[in-house]
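For reference, the chains in residue letters:
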Protein chains: 2
Amino acid sequence: MSESMYRKAGVDIDKGNQAVHKIKEMVSKMGVQEIGKFSGFFPLKKKIANPVLVSSADGVGTKLKIAFMSGIHGTVGRDLVNHCVDDILVYGADPLFFLDYIATGKVEPDTVSEIVSGILDGCVDNEFVLLGGETAEMPGFYQDNEYDVAGFIVGILNQKKMVDGKSIKAGDLLVGLPSTGLHTNGYSLARYIVFDQLKLNVDSKVDSLELTIGEELLKVHRSYLKPVKSLLAKNYVKGMAHITGGGFIDNIPRILPNGLSVQIERIWPVPPIFEFLVDAGKVSLEERFRVFNMGIGMVLMIDPKNLSKVEQTLQEQDEPFYLIGQVAEQKNTQRVLIK
Amino acid sequence: MSESMYRKAGVDIDKGNQAVHKIKEMVSKMGVQEIGKFSGFFPLKKKIANPVLVSSADGVGTKLKIAFMSGIHGTVGRDLVNHCVDDILVYGADPLFFLDYIATGKVEPDTVSEIVSGILDGCVDNEFVLLGGETAEMPGFYQDNEYDVAGFIVGILNQKKMVDGKSIKAGDLLVGLPSTGLHTNGYSLARYIVFDQLKLNVDSKVDSLELTIGEELLKVHRSYLKPVKSLLAKNYVKGMAHITGGGFIDNIPRILPNGLSVQIERIWPVPPIFEFLVDAGKVSLEERFRVFNMGIGMVLMIDPKNLSKVEQTLQEQDEPFYLIGQVAEQKNTQRVLIK
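Cut-offs and rules
- Residues numbered from 1 in each chain as written.
- Chains lettered and ligands numbered in written order.
- Predicted model: local features only at pLDDT ≥ 70, side-chain atom pairs only at ≥ 80, totals over all residues.
- Heavy atoms only, no water.
- Helix = DSSP H or I, 4+ residues; strand = E, 2+ residues; numbered from the N terminus.
- Pairing = 2+ DSSP bridges.
- Axes fitted to C-alpha atoms, helices over the stretch in contact; angles between N-to-C directions.
- Contact = heavy atoms within 4.5 Å.
- Buried < 20%, exposed > 50% of the residue type's maximum accessible area, 1.4 Å probe, protein only.
- Disulfide = S-S within 2.5 Å.
- Expected span 1.5 Å × (residues − 1).
- Patch = residues over 30% accessible without salt bridge, like charges linked within 9 Å, V, L, I, M, F, W, Y side chains within 5 Å.
- Areas by Shrake-Rupley, 256 points an atom, 1.4 Å probe, with all protein chains shown as cover.
- Salt bridge = Lys/Arg side-chain N within 4 Å of Asp/Glu carboxyl O.
- Lys, Arg positive; Asp, Glu negative; His and termini not counted.
- Charge placed at Lys NZ, Arg CZ, Asp CG, Glu CD.
- Polar contact = N/O pair within 3.5 Å; in protein donor to acceptor, adjacent residues only side chain to side chain.
- Core = buried A, V, L, I, M, F, W, Y, C linked by side-chain atoms within 4.5 Å.
- Parallel < 35°, antiparallel > 145°, perpendicular 65-115°, else oblique.
- Left-handed = near helix turned anticlockwise from the far one by under 90°.
- Nonpolar A, V, L, I, M, F, W, Y, C, P; charged D, E, K, R; others polar.

(A) Fine view of the environment of Lys45 of chain A. On the secondary structure map, Lys45 of chain A appears in the loop between β1 (40-43) and β2 (51-59). In this structure, the C-alpha to C-alpha distance between Lys45 of chain A and Thr244 of chain A, residues 199 residues apart in sequence, is 33 Å.

(B) Representation of the sheet that holds strand β9 (residues 296-302) of chain B. All names here are of chain B. Read from one edge of the open sheet, six strands run β7-β9-β6-β10-β8-β11, paired in mixed fashion. Either end of the sheet is taken by a strand with one partner, and the two such strands are β7 (239-242) and β11 (336-338). Strand-to-strand twist in this sheet, taken as the mean axis angle between neighbours without regard to direction, amounts to 25°. Across four bridges, strand β6 (residues 173-178) lies against strand β10 (residues 322-329) in antiparallel orientation. Its bridge partner being in β10, Gly176 is matched across the sheet by Tyr322. The strands touched by helix α12 (residues 307-316) within the sheet are β6, β9 and β10, with β6 carrying the most contacts at an inclination of about 10°.

(C) Spatial organisation of the pairing of strand β9 (residues 296-302) of chain A. Residues and elements named next belong to chain A. Within β9, seven of the seven residues are buried, which leaves it mostly tucked inside the rest of the structure. Looking at chain direction, strand β6 (residues 173-178) and β9 are connected through six bridges and run antiparallel. Residue Leu174 lies in a different strand from β9, and its bridge partner there is Met301. Direction of pairing for strand β7 (residues 239-242) relative to β9: antiparallel, over a ladder of four bridges. Following the sheet pairing, Ala241 is matched in β9 by Val299.

(D) How the structure looks around the state of the cysteines. Residues and elements named next belong to chain A. Under the defined criterion, the tally for this structure stands at zero disulfides over all chains. This cysteine, Cys123, is not joined by any disulfide, and Cys84 carries the nearest cysteine sulfur, 9.6 Å off. A relative accessible area of 0% places Cys123 in the buried class.

(E) Layout of helix α4 (residues 76-89) of chain B. Helix length check: α4 of chain B (14 residues) gives 20 Å between terminal C-alpha atoms against 20 Å at 1.5 Å per residue, within 8%. Among the 14 residues in α4 of chain B, 13 count as buried, and that is most of the element.

(F) Geometry of a negative patch on the surface. Residue and element names in this part refer to chain A. Negative charge collects at one region of the surface, where Glu108, Asp110, Glu137 and Asp144 lie side by side. Secondary-structure assignment places Glu137 in strand β4 (residues 129-137). The class of Glu137 is partly exposed, set by a relative accessible area of 42%.

(G) Seen up close, the environment of Lys65 of chain A. Considering the arrangement of structural elements, one finds Lys65 of chain A in helix α3 (residues 63-70). In this structure the C-alpha to C-alpha distance between Lys65 of chain A and Arg191 of chain A, which are 126 residues apart in sequence, comes to 8.9 Å. In this structure Lys65 of chain A touches Gln143, Glu146 and Arg191 of chain A together with Pro139, Gly140 and Phe141 of chain B, once residues within four positions along its chain are discounted. Of the polar contacts made by the side chain of Lys65 of chain A, one reaches the backbone oxygen of Gly140 of chain B; its length is 2.9 Å.

(H) Here's a closer look at the sheet that holds strand β3 (residues 94-104) of chain A. Sheet architecture is open: five strands sit in the order β4(A)-β3(A)-β5(A)-β2(A)-β1(B), paired in mixed fashion. Edge positions in the sheet fall to β4 of chain A together with β1 (40-43) of chain B, since each of these pairs with one other strand and no more. If you compare each strand with its neighbour and ignore which way they point, the axes differ by 15° on average. Bridge count for β2 of chain A against strand β5 (residues 147-158) of chain A is nine bridges, and the pairing is antiparallel. The partner of Gly59 of chain A across the bridge, within β5 of chain A, is Ala150 of chain A. Sheet strands touched by helix α5 (residues 109-125) of chain A: β3, β4 and β5 of chain A. Its angle to β3 of chain A, the strand with the most contacts, is close to 170°.

(I) Expanded view of the nonpolar core. In this structure, Leu53, Phe97, Phe248 and Ile252 of chain A together with Phe248 and Ile252 of chain B are the most contacted members of the largest nonpolar core, which totals 226 residues. Once residues lying within four places of it in the same chain are set aside, the contact partners of Phe248 of chain A are Ile243, Pro253, Ile264, Trp268, Phe289, Asn293, Ile296, Val299, Ile324, Val336 and Ile338 of chain A.

(J) Focus on the packing of helix α4 (residues 76-89) of chain A against α5 of chain A. All names here are of chain A. It is at 6 Å that the axes of α4 and α5 come closest, and there the two elements cross at 40°. Here α4 lies oblique to α5, going by the angle between them. As α4 runs across α5, the sense of the crossing is right-handed. Taken together, the residues of α5 that come into contact with α4 (itself represented by Gly77, Arg78, Leu80 and Val81) are Ile115, Gly118, Ile119, Asp121, Gly122, Cys123 and Asp125. In terms of residue class, the contact of α4 with α5 is made up of five nonpolar, three polar and three charged.

Set out below in structure tokens:
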């Protein structure tokens, strides 16, 4: 593959090299001895009271099929890293390190280096390290030019500062931080609507969307690390839900104390890709909030008395946000009521 | 699937339930708050000086194909856990927790619970916890009744006690701990010899092997945690190599200081499965020690003055071992010379 073809495929060699350089710089700066041989090493130099390791494993799911169809392999690594970062961030954890697992039928160095370059970009963006990983060549497991990726993250927090949702009470407000698109969820339904029902392909353009179908569906799952950390530093956040598989309906109750429910007001601008999918697929209100994030990737529960300070903190960073609902006493069986 | 069919398939429901019960017991005993929702939590309660986290990611590779052919899914989880334990053990790390990633085209609860039961068994055997994991349903990625698994381990050690091989010098002895079989390496070659060349199947019996081909090839990758920890406690071990992909040839140099080589004497009883494979496949001496572990899964480098104490420690635990070689000045380009 020539360098210009790399660029066409969305990968910038210079940027890849820069990422490797950056990660090496970070690796030494963060006190990591070396990228391991049998294992990776992460010295816990920073003292933290009541330390709790927080860990999560994730994949990218069938969003990978969009990468295969588009021939773009440089973004799924960022999806993977950011998804993992957000999954530990909901408890207030700082990411320490990441490991990847890449499995493919036949290792194509170009493809693998595109994937790893995306993972490195994700680690650099979130200012933590790639400590190791495994690239498995498994003939007969994967179709030609296909692969699977999994990521593992380890973070740390002070147990006494864990954001566990226990102090959430009726009247607390829900602040929604916008998503960039589908993130890593709802791709089985989206693919069914777009490719099976509408017979479109990744290069198709539709009126309501600025980019091609493939570009819209490959938009990178964003990390909420920076805005959320700035709020956590001031103790403004009582609980958080990362809106992934299961949408609002399944994820918000994960952090909600018993006896409470939430009412969501649909006041935020839903990104056109969701409007397009739910219209074309005739997706019911309940289903769309269970399958998709509908434009909100992270929900924060805050005390109303902190609202103006939360607003100010987010505005100072040019972080868009929406006041999307409120916590209520649980009066019926529905814990998440979409109005 | 009936319970008796489960048993026939090598899975014992009672044992599975026991494992779940055991792991729950361990989870509470080890101070873990709860199996996480977005993540898992591991409080670092035990104080350790100069703490370094040691982490590794692994898969089971194409050994999974033997599991698919045999319909036995309860052992690959133990392979996965033990492989990971051994990969951090070589530096002297104690395992803290494990996460798994299981990906399949369509989630078959019976198969997934067999896999997870094996992972739990592995965690119980090594006395550490399964902290979480991801089970991904990815239609169109895997063939029917097939799957991939990856594991991720985090352990800890005192940096000043890290077994880094730096003190290894000419004259040090190599102690080999026996493997149970192929462990998780060499399956592409083994499958080629057994199924493509010899046209055997997993139920085939050959004269030199006690068990069927499938049973021989599914033997579980063993953990060396117990014997190695007993030697580490007495500071008898200068360096270790886990004999995985790359065999003796690639793995021993990982821990060997520059300027040194090792000479291996083939004095241990090579298990019949390896004799069978190298005879049938006409595998050269060099290749067999690069592809297979040839009956030695872990190599320890020790000071000759500690030999009798090492022997005594291992004998007290009924752990078989072989004195398989010696460290020498590097006189030629071969760093691992098989005599």
